[in-house]
Amino acid sequence: MQIHTPDWVKHAVFYQIFPDRFARSKQPRKRLLRNASWEDWDAMPTLQGYKGGDLWGVLEQLDYIQDLGINAIYFTPIFQSASNHRYHTHDYYQVDPMLGGNPAFQELLDAAHARNIKVVLDGVFNHSSRGFFFFHDVLENGPHSPWVDWFKIEGWPLSPYNGEFPANYKSWADNRALPVFNHDNPEVREYIMEIAEFWIKFGIDGWRLDVPFEITTPGFWQEFRQRVKAINPDAYIVGEVWGDSREWLDGTQFDGVMNYLFAAPTIAFTAGDRVDMEQVQGRSYHPYPPLFAAEYAAKMQELLQLYPWEIQLTQLNLLASHDTARLISIAGGVSEAPPQEARASVELATLLLLTFPGAPSIYYGDEVGLPGRLDPDSRRGFPLEASWDREILDTHRQLIALRHTYPCLRTGDYQVLYSQGELYVFARTLDKEELVIAVNSGTASAKANIDTINLHTQPNKLLYGSAEVEWHTEGEIKSLSLNLPSRTGCILGVG
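Below, the structure is looked at part by part.

The rules behind each value
Within each chain, residues carry numbers counting from 1 in the order of the written sequence. The model is predicted, so local features are restricted to residues of pLDDT at least 70 and side-chain atom pairs to those at 80 or more, both for listing and for counting; the totals for chains, interfaces and linings are taken over all residues. Derived side-chain values reflect all non-hydrogen atoms in the structure, with water molecules and hydrogen atoms excluded from consideration. Two strands form a pair only when DSSP identifies at least two bridges running between them. The numbering of helices and of strands both runs from the N terminus, where a helix is a DSSP run of H or I of at least 4 residues and a strand a run of E of at least 2. Note on definitions: angles span 0 to 180 degrees between N-to-C directions of axes, and those axes are lines fitted to C-alpha atoms, for helices only across the stretch in contact. Partly exposed residues are those whose accessible area sits between 20% and 50% of the maximum for their type, while under 20% is buried and over 50% is exposed, using a 1.4 Å probe and protein chains only. The definition of a polar contact used here is a pair of N or O atoms within 3.5 Å, where within protein one atom must be able to donate a hydrogen and the other to accept one, and adjacent residues in sequence count solely through side-chain atom pairs. The contact rule is simple, with two residues in contact once any of their heavy atoms fall within 4.5 Å. Here the expected length of a helix is defined as 1.5 Å per residue gap, with one fewer gap than residues. Throughout, the arc means that of the directions going from the helix axis to the C-beta atoms.

Glancing now at the sheet that holds strand β5 (residues 118–123). A barrel is described by the order of its strands in space; here 8 strands give the closed sequence β1-β2-β5-β6-β7-β8-β9-β10, paired in parallel fashion. Ignoring which end each strand starts from, the neighbouring axes of this sheet average 25° apart. Sheet analysis places strand β1 (residues 14–17) next to strand β2 (residues 72–75), joined by 4 bridges and oriented parallel. By the bridge assignment for β2, glutamine 16 is matched with tyrosine 74.

This is the structure in C-alpha cells:
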C-alpha cells in the first residue's frame, strides 16, 4: 500500500502553545472577563488557576512567531472547558470564551494563514467532562436520559464529585472529571466524526489526537482519517502515542505521532548524568540512563527503521511538551538564570532536533530558556523579554533558518558517519546537497578522522557552531578530520 502524508508537514517547524499561558491581549477586545482576577502572570502556576492568556494575545504575537521561523502552530485544547488546560471539554463546537470564543479563533486562523502558518488543534475524543451537556443530562435524569448509552455507566447513582462513593462510570485514569465516551455506540462515533469535519471545514490544518490508544473500537481511526482527508487531503493527523507506534502508522490512521522515542535518547545523550531524575522517572518516556554516541546512534537507527520513510518525514519530533518537565530543568537548570551546563544541553539537543527527519516541535518558551519542572510548573506564563536567554534564542533562530534554507535537513537521507565516545557525526543528503552535523556531548574536546566514502562533496564551511575542519584525499578515499570543542555542535556545508 502506498502511504500518503501531507507534504507541508515535512517542511514545517511547529510551535506548541498552551493558550492560557502564552500571551494576554494588550488590546481592549474582550467583551467578557475584562476585569477578571487572573493569577499573577509570573507567579508559579497552579493546577486550577487561570492566567488569562487568550487567542488575541497569540494574534498580537504572530510577528514574533513568524520571525522565529515558525510556520505551524499546535494548540493544546481551545474548546470551552472548566480547566486551564482545557482537556475537560464542555462544548466541542465553541472555543472557550476566556480565549475569545469562535470569533477570536477565526481572526487568528485567518491571520496565521495569511502568513502561511498552519494551525493544528488538539482533539480530546476519548473522554469529555462532567460539564459536557450530554453527560450533565445523565447526571440530572439518570437512566431516563437519552444520552445514557453515550458513556460507560456501571451503576446508579452516579457520583461525579464525592470520592466517598463509587463513581459508577468509567473515567480516564479514574479521574471522575473525565467520563469516557462509549465509542462502540454508533451515535458517539458519528458525533466525534462530525466534530472533526466541522473544524476542518472551519479551516484548521489538522488534528493532534489526545490519548488515541485508549479508543479501541475497530475501524474508528480509519474512518476518522477517511472523513477528515475527504475534506482536506493535506490535513495533518498526529497522535499522542509515546512508544512504538507501528499499530497506528500503517498509512490508514495517523500521519505521525508525538515522537518521544526521539526525545528520550536525545536528552539522555546531550544531558547525560545531569538529568534530574525526579523530573523524568514515572513518566511515559525514559531520557535515562546517560547514552554515549554509539548507543545514541543505535537508538536513532532503530527509530528510523521503525516506520516507513514517508511517515518518518511527518513525525512530530519534540524535546518537551505540556506533559513533561522542560528540558532546561531536566538538565539541571532549575533557576531563572540557568547554568551554562544546562544551556549547553538545550543547545545540543536543539541542534539534533532541527536536523532530524520529521517536523520539529518547540514548546512555547523553550526557545528563550523558560524553566519548568513537572506539571503545573512546566506550564508557566511566557516570560517578559528582559528574562529571555538570548543565547538559547539565537540558537533556535539560527537552526530554524538553516532548516528552512537546506532541503536536505527536511527530506534528505540520514547517514551516521561516526559515533564513538561522546562524539556523534552524521550527514543529511539530498541529491547533490550534503551537510555534515557533529555533536560533542562530552566535557573535553573531541577529535576524529571520519571516513566519508559515501559523500560526494567535501562540506568544509561552518554554517553553525565552531570546529577545526580539515579534509584529506588519498586516491578515491576522502576523510574528514574534525576537532570539536567540549559541549558544542556544528553544521558543515560546502563553501
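With antiparallel pairing, the 5 strands of this open sheet are ordered in space as β11-β12-β13-β18-β15. Among the strands making up the open sheet, the edge pair consists of β11 (413–420) and β15 (461–465). Sheet twist, expressed as the average angle between the axes of neighbouring strands with direction ignored, equals 20°. The pairing of β11 with strand β12 (residues 423–430) spans 7 bridges and is antiparallel. Among the inter-strand pairings, tyrosine 418 is bridged to a residue of β12, identified as valine 425.

By the element assignment, aspartate 20 lies in helix α1 (residues 19–22). Looking at aspartate 20, the relative accessible area reads 1%, which means it is buried. Here arginine 21 takes part through its side chain, which lies 2.8 Å from a polar atom of the side chain of aspartate 20. Those residues in contact with aspartate 20 that lie beyond four places of it in its chain are Trp41, Gly49, Tyr50, Lys51, Gly52, Gly53, Asn84 and Arg86.

With that out of the way, let us pick up unusual backbone geometry. A cis amide bond links tryptophan 156 to the next residue, proline 157, at an omega of -5°. Within the secondary structure, proline 157 sits in the loop between α5 (133–141) and α6 (186–202). Although it is not a glycine, asparagine 168 adopts a positive phi angle of roughly 70°. Position of asparagine 168 among the secondary structure elements: in the loop between α5 and α6.

The end-to-end C-alpha distance of helix α9 (residues 293–306) is 20 Å, a good match for the 20 Å that 14 residues give at a rise of 1.5 Å each. Burial in α9 covers these residues: Ala293, Tyr296, Ala297, Met300, Leu303 and Leu304. Viewed along the axis of α9, the buried residues span an arc of 125°, placing them on a single side of the element. Exposed residues lying more than 90 degrees from the buried face of α9 are Glu302 and Gln305. Structurally, α9 contributes buried residues whose contacts are with β8 (256–259), α8 (260–270), α10 (309–312), α12 (340–354), β11 and β12.

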